[in-house]
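Structural overview
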Amino acid sequence: MPYEMILLENPVPGVGVVRLNRPQALNALNAQVTREVFDALEAYDRDDSVGCMILTGSDKAFAAGADIKQMAAQTVSDLLTDDFTDWSRMMRVRKPIIGAVSGFALGGGCEVAMLCDMLIASETARFGQPEVTIGVIPGAGGTQRLTRAVGKAVAMEVMLGNRQLSAAEALSAGLVNHVFPVESYFDEAVKLAAKIAEMPRVAVRLIKDAVSHAEELGLSAGLAYEKQGFLLAFGTEDKTEGMTAFVEKRKPAWKHR
Ligand code: CO8
C-alpha cells in the first residue's frame, strides 16, 4: 500500500527518513498516520541498506498532537479495540531513531518525539503536553517519559499548567541532544544519522537495547543486562575486525555480523 500521510526519503546512504506529511492539520496523528509511521519504521528496521532512521515533520510542526477531531468521536470501547492506542510498536524498533523536531511537538507529538532515541531540535521547537486543556491526560508516555527527562517539577508544570518548553529549555533540561537554526537542524540530524549508520550494526543494536533497558531496570539488573550484551558482542565478526583494524592501524571494514 502506498503511504498517504508520510514521505520516505534517503538523503544519504544508510539513512532512512520518515517525514510526517499532513500539513493541513499540523501533522496531527490519527490512526492512519500512526499506522503508516510505525509500518515505515518497521520496514526500515528490516532493510539491510538502512543503519539509522530519522523521524521528522515540517519546519512549522513536528506534530501538533493526536488528532482531536478523530478523538472527539471516540469512546472508551473504540480506544480499547482499535490499534490507535498501541504506540509500543515504536519501542520494538531495533535500529536507532533520531527525531528531528521543529515547531510544535505537542501532546502525542511530544510523546512520539520522546519515543525516539535522540532528538535534534530547531530553535523554533516547542514541547508541550496540553491534554489537560481538552479534559484528558497524556496517553502515550508523556507523564512517564517527560518526567524522567526533565524532572517532576517541570513536568508537572508542563502537564498541569500547559507550559510549553522552548528548544533552549528542552536542551538545558536534557530532553534534546542539540538545537540548531531552523535552516540546518534537519541536515544536522542527517549528519548524526549517517555517522551512526557507519558503525557496526550489531554493536549499535546491542547498545540501543542496553541503554533502553536503563530506564526499566535497577542498577544491578541493568549492569547484568549490559554484561550479556558485551559477551554477545564478543561473538561477532565485527569484534574481530574492529580490534584487528585497531592493532593494524587501519580503518575497519564492517560486515555488520
Ligand atoms: N488535532 C486535529 N487537528 C489539529 C490539531 C490536532 N491536535 N492541531 C492542529 N490541528 C488543525 C486545526 O484544527 C487547523 O485545522 P482547520 O484549518 O481545518 O481548522 C489546522 O490544524 C491548523 O491549526 P491552527 O489553525 O489551530 O494553527 P495555529 O497556528 O493557530 O495553532 C496550535 C497551532 C497552537 C498547535 C493549535 O493548532 C493547537 O492548539 N492544536 C492542538 C494542540 C493539542 O492540544 N495537542 C494535544 C492533543 S491531545 C493528544 O495529543 C493526546 C495524545 C494521546 C495519545 C494516545 C495514544 C495512545
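Structure's up top.
These numbers were taken from a predicted model, which means no experiment stands behind them.

Attention now moves to the pairing of strand S1 (residues 6-9). The pairing of S1 with strand S2 (residues 14-20) spans four bridges and is classified as antiparallel. Among the inter-strand pairings, Leu 7 is bridged to a residue of S2, identified as Arg 19. Here S1 folds back onto S2, and the loop between the two strands holds four residues.

Among the residues of helix H11 (residues 237-247), Asp 238, Glu 241, Gly 242 and Ala 245 are the ones counted as buried. Buried residues in H11, looked at end-on, bunch into an arc of 95°, giving them a common side. Looking at the buried residues of H11, the elements they touch are helix H9 (201-214). Directly beyond the C-terminal end of H11, a positive phi value near 55° is found at Lys 249.

Glancing now at the layout of surface pockets. Roughly 1100 Å³ of internal volume is contained in the largest pocket. Residue lining of the largest pocket: 33 residues in total, with Cys 116, Asp 117, Val 211, Ser 212 and Glu 215 positioned closest to the centre. For the lining of the largest pocket, the secondary-structure elements that each account for two or more residues are helix H4 (108-115), strand S7 (118-122), helix H5 (142-150) and H9. By residue number, the principal contributor to the lining of the largest pocket is H9, which donates nine residues. Its residues assigned to classes, the lining of the largest pocket shows 18 nonpolar, five polar and ten charged. No fewer than three residues from each of domain 1 (6-197) and domain 2 (201-247) sit in the lining of the largest pocket. Each pocket or cavity is described by its volume, and for the second largest pocket that value is around 600 Å³. In this structure, the second largest pocket is lined by 27 residues; those nearest its centre are Ala 66, Met 71, Glu 131, Val 136 and Ile 137. Elements represented by at least two residues in the lining of the second largest pocket include exactly helix H2 (68-72), helix H3 (76-81) and H4.

A separate point is the sheet that holds strand S3 (residues 50-56). One open sheet holds the six strands; their spatial order is S1-S2-S3-S5-S7-S10, and the pairing between them is mixed. Both outer strands of the open sheet, S1 and strand S10 (178-180), are each paired with one neighbouring strand and no more. For this sheet the average axis-to-axis angle between neighbouring strands, irrespective of direction, equals 20°. On top of the sheet, helix H1 (residues 31-46) reaches S1, S2, S3 and strand S5 (97-101); it is set at about 175° to S2, its chief contact.

What surrounds the ligand is a group of 24 residues, the closest being Ala 64, Ala 66, Ile 68, Lys 69 and Gly 108. The separation between a nitrogen atom of the ligand and a polar main-chain atom of Ala 64 is 2.9 Å. At a separation of 2.9 Å, a nitrogen atom of the ligand approaches a polar backbone atom of Ile 68. For the ligand, whose accessible area on its own is 1100 Å², the fraction buried by protein is 65%. Broken down by secondary-structure element, the contributors of at least two residues to the shell around the ligand are H2, strand S6 (104-106) and H4. If one sorts the elements of the shell around the ligand by residue count, H2 sits on top with three residues. The residue inventory of the shell around the ligand, partitioned by class, reads 13 nonpolar, six polar and five charged.

Relative to the helices and strands, Thr 236 resides in the loop between helix H10 (219-233) and H11. A polar atom in the side chain of Thr 236 sits 3.1 Å from the backbone nitrogen of Lys 239. Thr 236 has contacts with Val 202 and Arg 257, leaving out every residue within four places of it along the chain.

Turning our eyes to something else, we now look at the nonpolar core. Formed by 46 residues in total, the largest nonpolar core has its most connected members in Val 37, Leu 55, Met 90 and Phe 127. Looking at this core element by element, the count peaks at seven residues for H1. For Leu 55, the contacting residues outside a window of four places in its chain are Val 18, Val 37, Phe 62, Met 90, Ile 97, Ile 98, Gly 99, Ala 100, Val 112 and Cys 116. Of all hydrophobic cores here, the second largest spans 17 residues; its members include Val 15, Ile 98, Met 118 and Ala 189.

Rules used throughout
Residues numbered from 1 in each chain as written. Predicted model: local features only at pLDDT ≥ 70, side-chain atom pairs only at ≥ 80, totals over all residues. Heavy atoms only, no water. Pairing = 2+ DSSP bridges. Helix = DSSP H or I, 4+ residues; strand = E, 2+ residues; numbered from the N terminus. Buried < 20%, exposed > 50% of the residue type's maximum accessible area, 1.4 Å probe, protein only. Arc of directions from axis to C-beta. Contact = heavy atoms within 4.5 Å. 1 Å grid on protein atoms, 1.4 Å probe; cavity = no way out; pocket = protein on both sides within 12 Å on 5 of 7 lines; lining within 4 Å. Points joined across faces, edges and corners; volume = space filled by probe spheres on them. Nonpolar A, V, L, I, M, F, W, Y, C, P; charged D, E, K, R; others polar. Domains from an automatic or database assignment. Axes fitted to C-alpha atoms, helices over the stretch in contact; angles between N-to-C directions. Near = heavy atom within 4 Å. Polar contact = N/O pair within 3.5 Å; in protein donor to acceptor, adjacent residues only side chain to side chain. Areas by Shrake-Rupley, 256 points an atom, 1.4 Å probe, with all protein chains shown as cover. Core = buried A, V, L, I, M, F, W, Y, C linked by side-chain atoms within 4.5 Å.

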